[in-house]
Amino acid sequence: MLTNKSIKLSDYIEYPYLIPSVYLDFDIYKDFVLVQSIMIIQPKLKESSSLVLQGNQIKLISISINGKELKSEEYDISGNKLTIDINQSSEFELKIKSQIYPFRNTSLEGLYLSSGMLTTQCEAEGFRRICYHPDRPDVLSKYTVRIQADKDLYPILLSNGNRKYSGKVKNKINRHEIIWEDPFPKPSYLFALVAGKLNKVSDKYVTKTGRVIDLEIYVESGDEKYTNHALKSLKKAMKWDEDIYGLEYDLEEYKIVAVRHFNMGAMENKGLNIFNSKLVLADSKTATDDELERIESVIAHEYFHNWTGNRITCRDWFQLSLKEGLTVYRDQSFTADLHNAGIKRIEDVSFLRNFQFAEDHGPTSHAVKPKEYVAIDNFYTTTIYEKGAELIRMLELLLGKEKFFNGINLYVKTFDGSPATTEDFINSLIKGAYLEEKNCPFDINKFLNWYYKSGTPKVYINQSWDSKNSILNVSFEQKLGSDSSSANIEMVIPILYSCYSRTKGAKPIVEDKLFVLDKHKKNLQINTFPWEKESPVLSIFRCFSSPVLWESDSYIDDKLFLFLNDNDYFSRWDSGQFLMREIIKTRLCKNPNYSLEDKFIYAIKQSIKSLEINDPLFLATLLTIPGLQELESLFEKVDPINIYRESVNFQILVGNKILEELSLLAKNLMVHINYEWPMGKGERKLLGTTWSYLTLAGDKNVQNNCVELISHSSMTIARAALEALKPIDSIETEEASNLFYKLWRENPVVLDSWFAYEASRPNKQGINVIEKLLSHSKFDWKAPNAIRAVLGGFSKNIELFHSPDGQGYFYMADKLIEVDKINPITASRMVKIFSKWKTYVNKNKEGMYQSILKINKANISSNTREVVELILK
């Protein structure tokens, strides 16, 4: 059990007061900020009840109710709670004056200092560091905010909503003020304030109804030139949401601020998004093609939250995936519509398998709708976000697009301006699609198991061919975990499938049919044509129709057939990934399958011929080997160094076998390197992929070419060159890294990628390299991006981090203890790199275990303590 007190869903009680309006007054001074809050409070109950407010590191000055100041005995401050006995059954005004100290706040929660500007992060529970308040998502209020500050130090003063007034403060030298008003009720976690020296880049967007919206991005001086991509992305997102969901922006202005010191990627504060600068400041010179697409996606994600998260929020934090899973699904759909839907699906599945599946199988596994937590910050996970998005995707597949959108429309209409639950959302979808639950073609309670149960289901598939009647019989069996509590759980698992003829030119016999596995065991009968004398090839879980693992009795030759012929991007890629995993696994088990290797190499050569011109991006994707997390999942006892080395050896094997084809590819692709994104993206991706094979195969010309291109190419090409050189630890690798550093040493956003590169590449200096990076003059301990770059990069330096003497683990433990003292959220997320310690071979397992114990014995935050105890449990 966790030693810290956990918060349980079963203990949820509705807050006994409504707070329809909040007025906040901020006076910013040199060392502190005076905060005055005026809340209009309406009791929900006739009988008197204590008013409990949350506050953290706040100096209380005074409290008054309806203008009467309270004596100290009329309220109680215990820990981080302020309790006031209320003897009123009607509406009253509560005024609280207090003082806070953001200039010494290193947690990056609440109000804090970043590069000279004051900024906020209130999700999940940061608002209580600003003023006393219930600080829970089911308390929604309309906010009016006044900010006063020195005009020279803080010329820009921003908050949520629309600007209502700005001017000089009377009788005060060089101080100015501004008033912001947000007409829509919102929870406190969406409050935002920014004050500092910032420059504004402006644009406008005209909605479908003809309203003109002012778009503004605020950045530090000199960064204005990097905002064009973000503005274009925002306008694309606004139009897409109008076209696809019929949702229009509701305020007069939409503001984005780029902040260097930020725990998250971005925050959807109503009308004032605050972004990690890495996800705003970019062009083709400073960001790769993948990063530009990610920025476009994140800009869209935060904008889409305006409706799925802001206008409709979650009732409590157990419903976090209600807003995040749905909005991730929306941003994934946005990217798929704008670019290549097949490739986007593969990218999302690859991420899910390498990270969320690993989380599902580790000690920090939790349900999409968890039952309890100690620190809610620990639940901003791939399960909540990416797995949550997969559940929405399954619902659209099960309902059909038209019925799905009918349900979405009903959900928006019903819960606009209100907090909602997961069940509210599901019920709205079903009611909007079918009017009554009884008309729904699948069992809703079984589907809800996806939200309530942790773990990744596994489906077992067996086929039998009835040649006499030309019928393929397929049996399915589903299992969720091996413990007794999961034995009787049945999920609703949609399975999209096709069948291909072996004899009729690899044409589909049955195409994109839906089968729903909603029992432990269920059979499918596929009728084919009388002339089909051989068993057809079954393509299963097309488009990755359910987030499951599956095991089939299909033959290796079936996988080779699908790798060459399947018309579904995901299924074709997945077949290739299966074959690569199989080859690497047999080599690790000292039993290489040379026949399979030869057949796979032939299939690769055929794919190059058919795809190099027509679909270079897909070809690059097919040539990308499985991630180490996926490879590790193949073994009960994981030897990380051997797995890493064998994956590199596999690349060398392939590179040498198709050296001629790769060399010709690389030569032909060079003409596409300078096209503006997204033009030429596929060619650049394929060029980088060919380089990664050729450098390992010892091609000196390519290695030298990679060095030369660092100085005069796009960021995509420069970083592809670096990645290609990384595993070989050569003079060229060192030269390329030094060139990259000299070019970008004054750009902290880009320099983070160099820190990550240096920390992750093989070297002969061991831990000393990591220590030098952490003490580097350009390294910023207060910036989570920088910490993640070095320590995250170090964790990917397989032979160094997993060194058999355990020194890599102990070093990481020491550094995470240090990080925890200044930023518990970052530390608690990074400590999860130890979560799979039980799966490793003994030489690694023991060192990792002792390192976790070391962290556990230290004086660490409740955030990190919760994760460590789960890992040790």
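Residues numbered from 1 in each chain as written. Predicted model: local features only at pLDDT ≥ 70, side-chain atom pairs only at ≥ 80, totals over all residues. Heavy atoms only, no water.

Participant: Outline the overall build of the protein chain, supporting the account with residue identities and numerical values.
Facilitator: Scanning the protein chain from N- to C-terminus turns up 27 helices and 31 strands. For 873 residues, the compact-globule estimate of 2.2 N^0.38 gives 29 Å, and the C-alpha radius of gyration of the protein chain, at 28 Å, lies within 12% of that figure. Dimensions of the protein chain, computed from C-alpha atoms along their principal axes, come out at roughly 90 × 65 × 60 Å. Counting only residues that meet the buried cut, the protein chain has 60% of its 873 residues in that class. Total accessible area on the protein chain stands at roughly 35,300 Å², and carbon and sulfur atoms take up 49% of it. Within the protein chain, one finds 111 positive and 114 negative side-chain charges whose respective centroids are separated by 1 Å. (Helix = DSSP H or I, 4+ residues; strand = E, 2+ residues; numbered from the N terminus. Rg over C-alpha atoms; globule rule 2.2 N^0.38 Å. Buried < 20%, exposed > 50% of the residue type's maximum accessible area, 1.4 Å probe, protein only. Areas by Shrake-Rupley, 256 points an atom, 1.4 Å probe, with all protein chains shown as cover. Lys, Arg positive; Asp, Glu negative; His and termini not counted. Charge placed at Lys NZ, Arg CZ, Asp CG, Glu CD.)

Participant: Which residues make up the packing of aromatic side chains, and what are the values?
Facilitator: Considering all chains together, one arrives at 46 aromatic pairs under this definition. Ring geometry for Trp 240 against Phe 334: centres 5.8 Å apart, planes inclined by 80 degrees, an arrangement best described as edge-to-face. With Trp 240 in helix α1 (residues 228-245) and Phe 334 in helix α3 (residues 320-338), this residue pair connects regions lying 94 residues apart in the sequence. The same class applies to Trp 240 and to Phe 334, which are both buried. Among the aromatic residues, ring-to-ring pairing joins Trp 240, Tyr 245, Tyr 249, Tyr 254, Tyr 303, Phe 304, Tyr 329, Phe 334, Phe 404 and Phe 405 into one connected group. Arg 315 extends its terminal NZ or CZ atom over the ring of Tyr 12, reaching a point 3.8 Å from the ring centre. (Phe/Tyr/Trp six-rings, centres within 6.5 Å; stacked < 30°, edge-to-face > 60°. Lys NZ or Arg CZ within 6 Å of the ring centre and 35° of its normal.)

Participant: Requested: an account of the nonpolar core, with residues and values cited.
Facilitator: Judged by nonpolar contacts, the single largest core of 272 residues is most densely connected at Leu 94 and Trp 691. In this view, Trp 691 contacts Ala 666, Met 670, Val 702, Asn 705, Cys 706, Leu 709, Ile 717, Ala 720, Ala 721 and Ala 724; residues no more than four positions away in its chain are not counted. (Core = buried A, V, L, I, M, F, W, Y, C linked by side-chain atoms within 4.5 Å. Contact = heavy atoms within 4.5 Å.)

Participant: Which residues make up the pattern of salt bridges, and what values do they have?
Facilitator: Considering all chains together, one arrives at 62 salt bridges under this definition. Taking the shortest distance from any N to any O, the salt bridge between Glu 253 and Lys 255 comes out at 3.8 Å. Classification of Lys 255 by relative accessible area gives buried; the value is 0%. In this structure, Arg 315 and Asp 316 form a salt bridge, with 2.6 Å as the shortest nitrogen-oxygen distance. Relative accessible area serves as the criterion here: at 6%, Asp 316 is assigned to the buried category. Each of the salt bridges in this network shares a partner with another, and the network as a whole consists of Arg 163, Lys 200, Glu 216, Glu 253 and Lys 255. (Salt bridge = Lys/Arg side-chain N within 4 Å of Asp/Glu carboxyl O.)

Participant: Give a description of the side chain of His 133 that names residues and reports values.
Facilitator: Along the chain, His 133 falls in the loop between β11 (117-121) and β12 (141-150). Of the polar contacts made by the side chain of His 133, one reaches the backbone nitrogen of Asp 135; its length is 2.8 Å. Those residues in contact with His 133, other than ones at most four positions away along the chain, are Met 39, Leu 53, Gln 54, Phe 127, Val 139, Tyr 143 and Ser 188. (Polar contact = N/O pair within 3.5 Å; in protein donor to acceptor, adjacent residues only side chain to side chain.)

Participant: Which residues make up the sheet that holds strand β28 (residues 508-517), and what are the values?
Facilitator: If you walk across this open sheet you meet the three strands as β28-β27-β30, and the pairing is antiparallel. A single partner strand is all that each edge strand has here, and the edge strands are β28 and β30 (537-539). Along the sheet, successive strands turn relative to each other by an average axial angle of 25 degrees, direction set aside. (Pairing = 2+ DSSP bridges. Axes fitted to C-alpha atoms, helices over the stretch in contact; angles between N-to-C directions.)

Participant: Quick one: what's the story with unusual backbone geometry, residue by residue and with numbers?
Facilitator: A cis geometry characterises the amide bond from Glu 123 onward to Ala 124, with omega recorded as 5 degrees. Relative to the assigned elements, Ala 124 resides in the loop between β11 and β12. The omega torsion across Trp 677 and Pro 678 is 5 degrees, close enough to zero to call that bond cis. Checked against the element boundaries, Pro 678 lands in the loop between α15 (659-669) and α16 (681-696). A positive phi angle, close to 50 degrees, is found at Asp 135, a residue other than glycine. Looking at where Asp 135 falls in the secondary structure, it is placed in the loop between β11 and β12. Judged by its relative accessible area of 3%, Asp 135 is buried. Positive phi values are uncommon outside glycine, yet Asn 171 reaches one of about 65 degrees.

Participant: Could you give me a rundown of the environment of Leu 190, with the residues and numbers involved?
Facilitator: Tracing the sequence through the fold places Leu 190 in the loop between β15 (175-186) and β16 (193-196). Accessibility expressed as a relative area gives 0% for Leu 190, which makes it buried. Between the C-alpha atom of Leu 190 and that of His 301, which follows or precedes it by 111 residues, the distance is 15 Å. Sequence-distant contacts of Leu 190, defined by excluding residues within four places in its chain, comprise Asn 160, Met 267, Glu 268, Asn 269, Lys 270, Gly 309 and Asn 310.

Participant: Requested: an account of helix α9 (residues 556-565), with residues and values cited.
Facilitator: By the burial criterion, the buried members of α9 are Asp 558, Lys 559, Leu 560, Phe 561, Leu 562 and Phe 563. Buried positions along α9 lie against β27 (493-500), β30, α10 (569-588), α11 (594-611) and α12 (616-622).

Participant: How would you sum up the sheet that holds strand β26 (residues 471-479)? Please name residues and give values.
Facilitator: Taken in spatial order, the four strands of this open sheet run β29-β26-β25-β31, and their pairing is mixed. For this open sheet the edge positions go to β29 (521-527) and β31 (549-552), each flanked by a neighbour on one side alone. Sheet twist, expressed as the mean angle between neighbouring strand axes with direction ignored, is 20 degrees.

Participant: Explain helix α18 (residues 715-725) residue by residue, including any values.
Facilitator: For α18, a buried count of nine out of 11 residues is recorded, marking the element as mostly surrounded by other parts of the structure. Turning to α18, its buried residues number three or more, namely Met 715, Thr 716, Ile 717, Ala 718, Ala 720, Ala 721, Leu 722, Ala 724 and Leu 725. Check the buried side of α18 and you find it contacts α2 (289-304), α16, α17 (700-709), α19 (731-744) and α20 (748-760).

Participant: Which residues make up the environment of Phe 447, and what values do they have?
Facilitator: Position of Phe 447 among the secondary structure elements: in helix α8 (residues 444-452). Residues Phe 447 and Gly 793, 346 residues apart in the sequence, show an inter-C-alpha distance of 38 Å. Dropping the residues within four chain positions of it, Phe 447 is found in contact with Leu 391, Met 394, Leu 395, Leu 398, Phe 442 and Val 492.

Participant: Please provide a residue-by-residue account of the pairing of β27, values included.
Facilitator: Of all eight residues making up β27, eight are buried, and the element is well covered by its neighbours. Note that β27 and β28 share seven bridges and pair antiparallel. Bridge pairing in β28 links Ile 493 to Leu 517.

Coordinates in, geometry out; function isn't part of it.
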